[in-house]
Amino acid sequence: LQRSQQLKRSAWLAPAPCRLNSGLPMNIGVLFVPQQEAWVVERMGKFHRILEPGLNFLIPLLDRIRYVQSLKEIVINVPEQSAVTLDNVTLQIDGVLYLRVMDPYKASYGVEDPEYAVTQLAQTTMRSELGKLSLDRVFRERESLNANIVDAINQASDCWGIRCLRYEIKDIHVPPRVKESMQMQVEAERRKRATVLESEGTRESAINVAEGQKQAQILASEAEKAEQINKAAGREANAMLVKARAKAEAIQLLAAALAQQHGSAAASLSVAEQYVSAFSKLAKDSNTLLLPANTGDVTNMVAQALGIYTALSKPQAVKAQEEMPPACEDPQPPATEVFKAEQAGSS
């Protein structure tokens, strides 16, 4: 007990530790202060002033350099500690603090050990912030967790002349069982996503196949339609035009032949022959026969056919006689009489 009390007493009476330098510089009257350092000077035990970088003059024996503060950014490792999350999972977590002395006077006289105070504050703030989050949110919200710790430290360390620039969590150690369960959860989630992606791929494949078949049918129907249109517009139309032209030429030749001499008699003979040959083919194409009552009277049948032809050709003959001059008239016997004469001679 005595030994521990002596150690505590010696630690209490020992001067505050100075960063960067192992010992305090001696006052020899003329001092050169390095850049990014602040030397706190006391005159007869009372704060006198802060020496700026460069050349400075002090009074020996009266002035004493009490603290040396570094104005550079300081990196402090936060020791590993245990913290309990909102869902009662114990974590082992450590971090890194980045500090800077903003006011050397407050850093020297505001707190005994600023670095130790900030480190303890960072540990307590980290435990309190982790208690507000579940295990899953701890891994997802590390940035927000770091920002909350920095804000809490700056609120408390403002009177110490120290500002926390940032805080970073280095490692988060999870218990083995919790780690195994998290691994199983990750594997199940990945299998689920794989199954969902496979089903979506099958669905999209079926949709693509159906769309392809639909487009193929549409294109096939359009091609067939275009083919039919081309056929109708090309081959059939040309065939109809050729037939019409041939028929027109045949009609023109027939009209020219009828306009010649004895053309009407030849036409009458041709009609009579076709009329007679039509009766000879009635029994060859079909079993159903439609015969007139006077089938045996061939002379009467021929005369009836010639009468029909004469009745149809009479208006044309009258018109042709009206158009022809009188000198071109060539009296011809009627076609009926010529046919009767030819029939009488043959009989």
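Residues numbered from 1 in each chain as written. Predicted model: local features only at pLDDT ≥ 70, side-chain atom pairs only at ≥ 80, totals over all residues. Heavy atoms only, no water.

Per an unreviewed UniProt entry, the recorded name for the protein is Stomatin-like protein 2, mitochondrial, and the organism is Eudyptes chrysocome. As its UniProt record puts it under Subcellular location (unreviewed entry), the protein is described as follows: "Mitochondrion inner membrane". (UniProt positions renumbered as here; feature names shortened; annotations may be inferred.)

### As for the packing of aromatic side chains
Taken as a whole and judged by the stated rule, the model has 4 aromatic pairs. Measuring from ring centre to ring centre gives 4.8 Å for Phe 47 and Tyr 105, while their planes differ by 65°; the resulting arrangement is edge-to-face. A residue pair is termed long-range when its members are at least 10 positions apart, and Phe 47 in strand 3 (residues 46-51) and Tyr 105 in helix 2 (residues 104-109) qualify at 58 residues. Look at Phe 47 and you get partly exposed, because its relative accessible area is 30%. Joined through ring pairs, the aromatic side chains of Phe 47, Tyr 67, Tyr 105 and Tyr 109 make up one cluster. Arg 66 extends its terminal NZ or CZ atom over the ring of Tyr 67, reaching a point 5.0 Å from the ring centre. The ring of Tyr 98 carries the charged tip of Arg 166 above its face, separated from the ring centre by 4.3 Å. (Phe/Tyr/Trp six-rings, centres within 6.5 Å; stacked < 30°, edge-to-face > 60°. Helix = DSSP H or I, 4+ residues; strand = E, 2+ residues; numbered from the N terminus. Buried < 20%, exposed > 50% of the residue type's maximum accessible area, 1.4 Å probe, protein only. Lys NZ or Arg CZ within 6 Å of the ring centre and 35° of its normal.)

### Focus: the nonpolar core
For soluble globular proteins, nonpolar side chains are generally found buried alongside one another. The biggest cluster of nonpolar side chains holds 32 residues, and the ones touching the most others in it are Leu 91, Leu 97, Val 118, Met 126, Leu 130, Ile 153 and Tyr 167. Mapped onto this core, the elements with two or more residues apiece are strand 6 (73-84), strand 7 (90-101), helix 3 (114-130), helix 4 (135-140), helix 5 (142-157) and strand 8 (162-173). The residues contacting Met 126, other than those within four sequence positions of it, are Val 78, Gln 81, Ile 93, Ile 149 and Tyr 167. Core analysis: the next-biggest nonpolar cluster, separate from the first, contains 8 residues, Leu 31, Val 33, Val 41 and Ile 65 among them. (Core = buried A, V, L, I, M, F, W, Y, C linked by side-chain atoms within 4.5 Å. Contact = heavy atoms within 4.5 Å.)

### Topic: the sheet that holds strand 3
Here 3 strands make up an open sheet; going across it, the order is 3-2-5 and the pairing antiparallel. In this open sheet, the two edge strands, each paired with only one partner strand, are strand 3 and strand 5 (63-70). Averaged over all pairs of adjacent strands, the angle between strand axes in this sheet comes to 25°, irrespective of strand direction. (Pairing = 2+ DSSP bridges. Axes fitted to C-alpha atoms, helices over the stretch in contact; angles between N-to-C directions.)

### What to know about the sheet that holds strand 6
Each strand in a sheet pairs with another by means of backbone hydrogen bonds, the pair being arranged parallel or else antiparallel. Across the sheet, which stays open at both edges, the 3 strands sit in the order 6-7-8 with antiparallel pairing between neighbours. Strand pairing shows two members of the sheet lacking a second neighbour, strand 6 and strand 8, which therefore form its edges. The mean angle between the axes of side-by-side strands here comes to 20°, regardless of whether they run parallel or antiparallel. As defined by bridge partners, strand 7 adjoins strand 8 across 10 bridges and the pair is classed as antiparallel. Across the sheet, residue Val 96 finds its bridge partner in strand 8, namely Glu 168. Sitting on the sheet, helix 5 is in contact with strand 7 and strand 8, with an inclination near 140° to strand 8.

### Looking at the packing of helix 3 against helix 5
Contact geometry for helix 3 and helix 5: axes closest at 9 Å, N-to-C directions at 135°. As judged from the angle between their axes, helix 3 and helix 5 are oblique. For the crossing formed where helix 3 meets helix 5, the hand is right-handed. Touching Val 118, Leu 121, Ala 122, Thr 125, Met 126, Glu 129 and Leu 130 of helix 3 are Leu 145, Asn 148, Ile 149, Ala 152, Ile 153 and Ala 156, all from helix 5. Its residues assigned to classes, the contact of helix 3 with helix 5 comprises 10 nonpolar, 2 polar and 1 charged. (Parallel < 35°, antiparallel > 145°, perpendicular 65-115°, else oblique. Left-handed = near helix turned anticlockwise from the far one by under 90°. Nonpolar A, V, L, I, M, F, W, Y, C, P; charged D, E, K, R; others polar.)

### Overview of the pattern of salt bridges
Under the criterion given, the structure shown has 5 salt bridges. Where Arg 43 meets Asp 63, a salt bridge forms, and the shortest distance between an N and an O atom there is 2.5 Å. Of the two residues, Arg 43 is situated in strand 2 (residues 37-43) and Asp 63 in strand 5; the sequence distance between them amounts to 20 residues. For Glu 141, the salt bridge identified is with Arg 137, shortest N-O distance 3.1 Å. (Salt bridge = Lys/Arg side-chain N within 4 Å of Asp/Glu carboxyl O.)

### Points about the confidence of the model for the protein
Looking at the protein, the pLDDT average stands at 76 and 69% of residues meet or exceed 70. This stretch, residues 1-22, has a pLDDT under 50; its non-local contacts, to residues over four places away or in other chains, come to 15 contacts. (pLDDT = per-residue confidence, 0-100.)

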